[in-house]
Amino acid sequence: MVWRPLKYIPRGRFTRRLSWLAGGMVVGQFLLVATMPLLTRIYSPDAFGLFGVFAAFVGIVGSIMAGRYEFAIPLSTQDEEAAALAVAGTVVTCILTALAAILVWAFGEPLARATSMPGLASLMWLLPPTLFLTGIGQPLEYWSIRRDTLRINAATRVAQYGGQAVGQAALGIAGAGPIGLVLGYGLGYLTRAALFVASLTRNDLRIFATTRPMKVREVAWSMRRYPLLTTISSIVKSLTQFLPTILFATLFGPAVAGGFDLAQRLLSVPVRLVGGAASQVFLAEASQHSVAELQRLFKKTVSRFLLIGMFGMAPILFAGPQLFAFVFGEPWREAGAFAQALILLQLARFVQVPTSQSFNILGRQDLELKTAIHGAISLAGSFWVITLLNAGPVTALLIYSVASGASHLVMLYVAWQITRKAALQESQESSS
């Protein structure tokens, strides 16, 4: 009975590829979640608040460190073009890392004061190297997807989250304080990048080594829609996802930010485990299916992920505070109430993320940008209402959850509409 909802997962090639990606995430996230009860007893809510704000900065900028060129790698028709895209993404990563170092040196301390968390200033020097490790892994991840070596992707996920879990726990036991959470976090990205590099075959290395700078410039220019449109939409979407941690820290202090960060991280586990993996498989499948088949996959994926999400999040909805107090310790009971308020948002994300690559598959990055801007407006509106009502933490989280959840549903609806119209157009062209 417990596993009955699994029958709603789509069968066939999609499921097999999804199982490899999600399987690695499951094991890695299990290691990370398994250490949480230990970490919440080693680190205080204030320490988690500092770490949450640092991780929010990584989340906002980290998603675009490779210029989003990595999305085009699985869709390229030639290995030389895909390799040039990977090189272009690596060059962008180096440039943005240098820029981040300059900005941290110039504005790191004022930024920490602006968030009402002066202790953050001592952690900001770790931001550029963490962003570099994030960016380096992105082209290699999608190169692996192109090669259909999904076992490698699964292994790197286990290594990333396992390395983070072990690092944070070991440093916490050693008494490192908040910096232990940050260093352990960076260790996970380092392990992931190192494994991707180690997995490259001789043929992969030969292709990369023979990639000419002229080819890199040519491909980077021809694929400029990715950095020009997808990068902007990615930043906007990352802001809507990670900026709330910074805003809640500013409004309510580091302890509330720490509780919010813990609740959000745990509720995001299904999105990272299955939703993110399904999104990558959805992209990989696009080159091997017609749009009509993609439309059918879209419908099945949304309906079945909705059922799985509702089933999985029900315990927190009905007993969040009690569960958090029992598992993480009494100081984290309020975080359980935060989790209850966030259910609507995380369920909407869980359903929307698997099909989010529809915009890239159909070349409608412009619509992705527009829907991302709609999400940012919803976020801004929710915090305007929060400050207007002078709302407490739980009420504030509920307002934020409803507004942001609605924006994810709008994005899902737009993705469905462009997929449906593309399938209809394909049908008309084939019959004419």
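Note that the structure is a prediction, hence the values are computed from the model and not measured.

**Student:** Just give me the short version of the nonpolar core, but keep the residues and values in it.
**Tutor:** In terms of nonpolar packing, the biggest core is built from 67 residues, with Phe54, Leu120, Leu127, Phe324, Leu342, Leu397 and Tyr400 touching the most fellow members. When residues of this core are assigned to their parent elements, the largest contribution, 11 residues, is made by helix 2 (residues 45-62). Apart from residues no more than four positions distant in its own chain, phenylalanine 324 is found in contact with Leu262, Ala263, Leu266, Gly329, Trp332, Ala335, Gly336 and Ala339. By size, the runner-up hydrophobic cluster in this structure holds 25 residues, among which are Tyr69, Ala86, Trp143 and Met223.

**Student:** I'd love a proper account of the environment of arginine 364, names of residues and values included.
**Tutor:** Assignment of secondary structure puts arginine 364 in the loop between helix 13 (358-361) and helix 14 (365-389). Taking the relative accessible area as the measure of exposure, arginine 364 reaches 32% and is therefore partly exposed. For the pair arginine 364 and alanine 415, spaced 51 residues apart in sequence, the C-alpha separation works out to 9.2 Å. The residues contacting arginine 364, other than those within four sequence positions of it, are Phe359 and Ile418.

**Student:** Pulling in residues and values, what's your account of the packing of helix 3 (residues 79-114) against helix 8 (residues 213-222)?
**Tutor:** Interhelical geometry of helix 3 versus helix 8 gives an angle of 85 degrees and a closest axis separation of 8 Å. Comparing their axes, helix 8 and helix 3 come out roughly perpendicular. Contacts from Glu80, Glu81, Ala84, Leu85, Val87 and Ala88 in helix 3 reach Lys215, Val216, Val219 and Ala220 in helix 8. Taken together, the residues of the contact of helix 3 with helix 8 break down into seven nonpolar, no polar and three charged.

**Student:** I'd like a description of the pattern of salt bridges, backed by residues and values.
**Tutor:** By the definition in use, this model includes nine salt bridges. Two residues, aspartate 79 and arginine 146, come together in a salt bridge whose shortest N-O distance is 3.0 Å. Taken together, the positions of aspartate 79 in helix 3 and arginine 146 in helix 4 (residues 127-146) put the pair 67 residues apart, joining distant regions of the chain. Overall, the relative accessible area of 24% leaves aspartate 79 in the partly exposed class. A salt bridge links arginine 157 to glutamate 141; its shortest N-O distance comes to 2.8 Å. One end of the pair, arginine 157, is in helix 5 (residues 150-173); the other, glutamate 141, is in helix 4, and 16 residues separate them in sequence. Overall, the relative accessible area of 5% leaves glutamate 141 in the buried class. Residues participating in the shared-partner salt-bridge network are Asp79, Arg146, Arg147 and Asp204.

**Student:** Got a sec to walk through the environment of threonine 355? Specific residues and values, please.
**Tutor:** Looking at the element boundaries, threonine 355 is found in the loop between helix 12 (333-352) and helix 13. Exposure remark for threonine 355: the relative accessible area of 0% places this residue in the buried category. Threonine 355 sits 56 residues away from methionine 411 along the chain, and the two C-alpha atoms are 9.9 Å apart.

**Student:** Account for the packing of aromatic side chains, naming residues and giving values.
**Tutor:** Each aromatic ring pair is summarised here by two numbers: the centre-to-centre distance and the angle between the ring planes. All chains considered together, the criterion is met by 14 aromatic pairs. Taken together, a centroid distance of 5.5 Å and an interplanar angle of 70 degrees make the contact between phenylalanine 71 and tyrosine 142 edge-to-face. Note that phenylalanine 71 is positioned in the loop between helix 2 and helix 3 and tyrosine 142 in helix 4, a separation of 71 residues in sequence. Considered together, phenylalanine 71 and tyrosine 142 belong to a single accessibility category, that of buried residues. With a centroid separation of 6.2 Å and 50 degrees between ring planes, the pair formed by phenylalanine 383 and tyrosine 400 is classed as tilted. Here the residue phenylalanine 383 occupies a position in helix 14, and tyrosine 400 occupies one in helix 15 (residues 393-431), the gap between them amounting to 17 residues. In this structure, phenylalanine 383 and tyrosine 400 share a single accessibility class: buried.

**Student:** Describe the side chain of aspartate 261, listing the residues and the values that go with them.
**Tutor:** Inspection of the secondary structure puts aspartate 261 in helix 10 (residues 254-286). Only 2.8 Å separates the side chain of aspartate 261 from the side chain of arginine 265, close enough to count as a polar contact. Excluding its chain neighbours within four sequence positions, the residues that come into contact with aspartate 261 are Phe48, Phe51, Gly52 and Thr245.

**Student:** Outline unusual backbone geometry, supporting the account with residue identities and numerical values.
**Tutor:** With a phi angle near 65 degrees, arginine 68 is a residue other than glycine that sits in the positive phi range. With respect to the helices, strands and loops of the structure, arginine 68 is situated in the loop between helix 2 and helix 3. Its relative accessible area of 11% is what places arginine 68 among the buried residues. For asparagine 390, which is not a glycine, the phi torsion comes out positive at approximately 55 degrees. Its place among the elements puts asparagine 390 in the loop between helix 14 and helix 15.

**Student:** Would you mind going over helix 11 (residues 291-328) in detail, with residue names and values included?
**Tutor:** Between its terminal C-alpha atoms helix 11 stretches only 46 Å, short of the 56 Å expected from 38 residues at 1.5 Å a residue. The largest bend in helix 11 amounts to roughly 100 degrees and is located at alanine 319, with the proline proline 321 lying one to four residues further along. Backbone geometry just downstream of helix 11 places glycine 329 in the positive-phi region, at approximately 110 degrees.

What counts and what doesn't
Residues numbered from 1 in each chain as written. Predicted model: local features only at pLDDT ≥ 70, side-chain atom pairs only at ≥ 80, totals over all residues. Heavy atoms only, no water. Core = buried A, V, L, I, M, F, W, Y, C linked by side-chain atoms within 4.5 Å. Buried < 20%, exposed > 50% of the residue type's maximum accessible area, 1.4 Å probe, protein only. Helix = DSSP H or I, 4+ residues; strand = E, 2+ residues; numbered from the N terminus. Contact = heavy atoms within 4.5 Å. Axes fitted to C-alpha atoms, helices over the stretch in contact; angles between N-to-C directions. Parallel < 35°, antiparallel > 145°, perpendicular 65-115°, else oblique. Nonpolar A, V, L, I, M, F, W, Y, C, P; charged D, E, K, R; others polar. Salt bridge = Lys/Arg side-chain N within 4 Å of Asp/Glu carboxyl O. Phe/Tyr/Trp six-rings, centres within 6.5 Å; stacked < 30°, edge-to-face > 60°. Polar contact = N/O pair within 3.5 Å; in protein donor to acceptor, adjacent residues only side chain to side chain. Expected span 1.5 Å × (residues − 1). Bend = angle between axes of the 7 residues up to and from the residue.

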